[in-house]
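# Structural description and commentary
Each chain, written out:
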2 protein chains.
Amino acid sequence: MILIDVTMTIYELGETAIVSQIIEHLNIEFEDCAILDLTDTEYLVATTDMFHRKTDFPEGIAAWQIGWMCVAGTLSDIAAMGAHPCGVLVSMGLPDLEPAFVDSMIDGMNACASECGTRIIGGDTDSHQELTISGTALGRISKGRILRRKGANIGDLVCVTGYLGTAGAGMKALAHGIEDSTAIKKLFEPIPRIKEGTRLAESGAVTSMMDNSDGLALSLYQLAEINRCGFVIWADSLPVLPEIDTDLAVYAGGDFELLFTVAPERLSDAEDACELTVIGEVTMEGVFLEAGGIKEIEQRGYRSFPC
Amino acid sequence: MILIDVTMTIYELGETAIVSQIIEHLNIEFEDCAILDLTDTEYLVATTDMFHRKTDFPEGIAAWQIGWMCVAGTLSDIAAMGAHPCGVLVSMGLPDLEPAFVDSMIDGMNACASECGTRIIGGDTDSHQELTISGTALGRISKGRILRRKGANIGDLVCVTGYLGTAGAGMKALAHGIEDSTAIKKLFEPIPRIKEGTRLAESGAVTSMMDNSDGLALSLYQLAEINRCGFVIWADSLPVLPEIDTDLAVYAGGDFELLFTVAPERLSDAEDACELTVIGEVTMEGVFLEAGGIKEIEQRGYRSFPC
């Protein structure tokens, strides 16, 4: 049993507190995936994610894109361990939809799995008022190559794949009534960084890695806690598409990029593995943004609980 | 793309039709678990199940029992393949509960996993109006020993573990305002037949197997379709607790027993593996009940969709 403040509800306590308590209760590691011994030389990694129509999928999204997003979000956690995906399961709570909607959703799931070199291997359906999908992805990775959140060293460079704040810009565009933009497409059809993750793992140059789906800020705070370190992020180095500001790049969630650390002398090996941007460095403590002056990055971003 | 009747909704078409369409669309096998190559000699089996507060958990159930039931339902599919479980993941959509409720639920999940020789290895939480839990279980089984739904031969004996209709009797007791009975405890705290499943697989005596969670009748119809065979079930042989009638034993869902077929000459090997009851035999066609005369078993039982 764990000690909890019984005068507060779980929403008041917040997701971070509840997840910490569950993790402590079960004595499991706080990683993007669970890690199981597969053979003497290989791990199986497994991850599960739940999505709901109202809270996880913006208005205007197509059935095909709902399917794609679920599988992409789940496979992003496999990418974050540097693993090769070997299957996705989906359980679905379905309201009374048209068969064509379900069919299109399954098509989207399958397309995303296919894009990542894997497939939907099984699932479950039942009836539910609000469309709810839980995706579980499995992957394999050699024991010597697995990338964990823990491992960053002071002086390491902080790197990311792709662009930051794109999904957030997509959300903003939707809120302004824009229906079609690069950012909206990236929000609805994110590409899990499986290729980049596996190549970075094979490079041996990466000391810690996770995905940034809750936003850069929260991800940095999680890495800081696990590695008992700090970060300085260089605002001018943040990779952003045109018209996306630093605030979105730092705080918005929904991107599925890889955030990782590399020893400076191994940077060229990481660069050989995939396209990346160096955005800062690992320090002793604190999570700061250097933008002319230096200021603390706030611990906020995408959270699943409403408060 | 699959051909579907676009004038009907998925509830009108029914779960069986939709699941068949999805399975065909994805070109996957209709088994209790997905099956993946692990090594030259072993398979990984994986299964996922979604549960909702209103549709899957009767009134009066405790938080601990909700946790137990989710994990039990998922591990039952691992048992049905004859596999050894190696981990369970749970994703949870949580309303604004008290922390103690969540804690107790996690305790129940853990207790059931523990009972089956495994543990909760990871998960995901987010907020959702109705408590929704998706469990995913993983297992390992040597390639020569895996038990599938397909494999029954005409003349095989039909066997089950434990008692039939017990969970149904528990539901009936609850509907009559009874709060405490053996049947209610069996409904709320089913024990997945992992021990029996693994021993039956090791015996080499079983030709086909599945669990009977949707009820005996629907399970028989599924086996009949896959194996292109029929069944005669002997009403007098059905193993039931006192005061449970044949109707409950045949049609009620919610039990997590194993339903399997054995060649008559191998029955003693199956009996050495676990306690079982022979309830009928595999025939050419039709699913019948012998009770004095002979009558067709109806194709009804537990279904997830409301119509």
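Residues numbered from 1 in each chain as written. Chains lettered and ligands numbered in written order. Predicted model: local features only at pLDDT ≥ 70, side-chain atom pairs only at ≥ 80, totals over all residues.

## Quick word on the overall build of chain A
Rules: Think of it this way: any DSSP run of H or I at least four residues long counts as a helix, any run of E at least two long counts as a strand, and we number them from the N terminus. The size measure is the radius of gyration over C-alpha atoms, and the globule rule it meets is 2.2 Å times the number of residues to the 0.38 power. Burial in this document is a count-based property: other C-beta atoms within 10 Å of a residue's C-beta are tallied, and the residue is buried at 20 or more, exposed at 12 or fewer, or partly exposed in between, with C-beta positions derived from the backbone. We call two residues in contact when their backbone-placed C-beta atoms lie within 7 Å.
From N to C terminus, chain A includes eleven helices and twelve strands. A globule of 307 residues ought to have a C-alpha radius of gyration of about 19 Å, and chain A, at 19 Å, matches this closely. C-alpha atoms of chain A, sized along the principal axes, occupy 55 × 50 × 50 Å. Relative to its full complement of 307 residues, chain A shows a buried share of 54%. In chain A, 84% of the contacts between residues at least 6 apart in sequence involve partners at least 24 apart.

## Re the sheet that holds strand E2 (residues 42-52) of chain B
Residue and element names in this part refer to chain B. The criterion, for reference: Here, a strand pair is defined by DSSP locating no fewer than two bridges between the strands. Helix axes are fitted to C-alpha atoms over the stretch in contact, other axes to C-alpha atoms as well, and angles between N-to-C directions run from 0 to 180 degrees.
Taking strand neighbours across the sheet as the criterion, the five strands line up as E1-E2-E5-E3-E4 in an open arrangement whose pairing is mixed. In this open sheet, the two strands that pair with only one neighbour each are strand E1 (34-37) and strand E4 (120-127). Sheet twist, expressed as the average angle between the axes of neighbouring strands with direction ignored, equals 20°. As paired elements, E1 and E2 share four bridges and run antiparallel to each other. Bridge pairing in E2 links Ile 35 to Val 45. Its contacts with the sheet put helix H4 (residues 63-79) on E2, strand E3 (84-94) and strand E5 (132-142), and the angle it makes with E5 is roughly 30°.

## Structural notes on the domain arrangement of chain A
Formally: Residue ranges for the domains trace back to a domain assignment, done automatically or taken from a database.
When its domains are assigned, chain A resolves into domain 1 (1-30), domain 2 (32-142) and domain 3 (157-296). The centre of domain 1 of chain A, based on its C-alpha atoms, is set 27 Å off from the matching centre of domain 3 of chain A.

## Structural notes on the interface of chain A and chain B
Counted only if it meets this: Amino acid classes used here: Ala, Val, Leu, Ile, Met, Phe, Trp, Tyr, Cys and Pro are nonpolar; Asp, Glu, Lys and Arg are charged; the rest, including Gly, are polar.
Tallying the contact residues gives 60 residues for chain A and 60 residues for chain B. Those elements that place two or more of their residues in the side of chain A that touches chain B are helix H1 (10-13), helix H2 (15-26), strand E1 (34-37), strand E2 (42-52), strand E3 (84-94), helix H5 (99-115), strand E4 (120-127) and strand E5 (132-142) of chain A. Broken down by element, the residue count for the side of chain A that touches chain B peaks at eight residues, all from E4(A). Across the side of chain A that touches chain B, the residue classes break down as 31 nonpolar, 21 polar and eight charged.

## Some details on the sheet that holds strand E10 (residues 277-283) of chain B
Across a sheet, strands are paired by hydrogen bonds formed along the backbone, either parallel or antiparallel in direction. All names here are of chain B. Spatially, seven strands are ordered E7-E9-E6-E10-E8-E11-E12 in an open sheet, and the strand pairing comes out mixed. Pairing within the sheet leaves two strands with one partner each, and these edge strands are strand E7 (206-211) and strand E12 (293-296). Taking the axes of each pair of neighbouring strands and ignoring which way they run, one obtains an average angle of 25° across the sheet. Inspection of the sheet shows strand E8 (residues 230-234) paired to E10 by four bridges, in the antiparallel sense. Across the sheet, Gly 230 pairs through a bridge with Thr 283, a residue of E10. Strands E7, E8, strand E9 (258-262) and strand E11 (287-291) of the sheet are contacted by helix H9 (residues 216-227), whose axis makes an angle of about 135° with E7.

## Quick notes on the relation of the copies chain A and chain B
Defined as follows: Superposing the copies works by least squares over the C-alpha atoms of residues that have pLDDT at least 70 in both of them.
Here chain A sits on chain B after a turn of 180° about the axis and a move of 0.0 Å along it, with an RMSD of 0.0 Å. Both copies of the chain, as the preceding transformation shows, are related through a two-fold rotation axis. Minimal C-alpha distance to the rotation axis in chain A is attained by A:Ser134, lying at 3.3 Å. The share of interface residues of chain A whose copies in chain B are also at the interface is 100%, consistent with both copies meeting through the same surface.

## Observations regarding H5(A)
Operational definition: Here, expected helix span is obtained from the residue count minus one, scaled by 1.5 Å.
Between its first and last C-alpha atoms H5(A) spans 24 Å; for 17 residues at 1.5 Å apiece the expected length is 24 Å, and the two agree. On its buried face, H5(A) is in contact with helix H4 (63-79), E3 and E4 of chain A together with helix H1 (10-13) and helix H2 (15-26) of chain B. Immediately downstream of H5(A), the backbone of A:Gly117 shows phi near 80°, a positive value.

## Concerning H4(B)
Between its terminal C-alpha atoms H4(B) stretches 24 Å, which fits the 24 Å expected from 17 residues at 1.5 Å a residue. Judged by how many residues are buried, H4(B) sits mostly within the fold: 17 of 17 residues are covered.

## Brief notes about the packing of H5(A) against H2(B)
For clarity, the threshold we go by: When an angle is under 35 degrees it counts as roughly parallel; over 145 it counts as roughly antiparallel; between 65 and 115 it counts as roughly perpendicular; any other value is oblique. For any pair of crossing helices, the crossing counts as left-handed if the nearer helix is rotated counterclockwise from the farther one by less than a right angle, and right-handed if it is rotated clockwise.
Axis separation between H5(A) and H2(B) bottoms out at 11 Å; the angle between their running directions is 30°. One way to sum up the angle between H5(A) and H2(B) is to call them roughly parallel. Crossing handedness for the pair H5(A) and H2(B): right-handed. Judged by residue contacts, A:Pro99, A:Val102, A:Asp103, A:Ile106 and A:Asn110 of H5(A) engage B:Ile18, B:Ile22, B:His25 and B:Leu26 from H2(B). Among the residues forming the contact of H5(A) with H2(B), the class breakdown is six nonpolar, two polar and one charged.

## Details of the confidence of the model for chain A
Put simply, the test is: pLDDT expresses, on a scale from 0 to 100, how confident the predictor is about each individual residue.
Per-residue confidence for chain A gives a mean pLDDT of 93, with 97% of residues at or over 70. ipTM for the predicted complex: 0.90, alongside a pTM of 0.92.

## Focus on unusual backbone geometry
For A:Glu243, which is not glycine, the phi dihedral falls at a positive 70°. Note that A:Glu243 resides in the loop between strand E8 (230-234) and helix H10 (246-251). One non-glycine residue with positive phi stands out, namely B:Asn27, at about 55°. Judged by local crowding, B:Asn27 falls into the exposed class, with 9 C-beta atoms found within 10 Å.

## Side note on the environment of B:Ile28
Residue placement: B:Ile28 occurs in the loop between H2 and E1. A tally of 16 C-beta atoms within 10 Å means that B:Ile28 is categorised as partly exposed. Residues B:Ile28 and B:Glu179 lie 151 residues apart in sequence; the distance between their C-alpha atoms is 42 Å. The residues contacting B:Ile28, other than those within four sequence positions of it, are A:Ile121, A:Gly122, B:Ile23 and B:Ala34.

## Remarks on the pairing of E5(B)
Residue and element names in this part refer to chain B. The buried count for E5 comes to nine of eleven residues, which makes it a mostly enclosed element. As judged from the eleven bridges shared by E2 and E5, these two strands associate in the antiparallel manner. Bridge pairing in E5 links Ala 46 to Leu 138.

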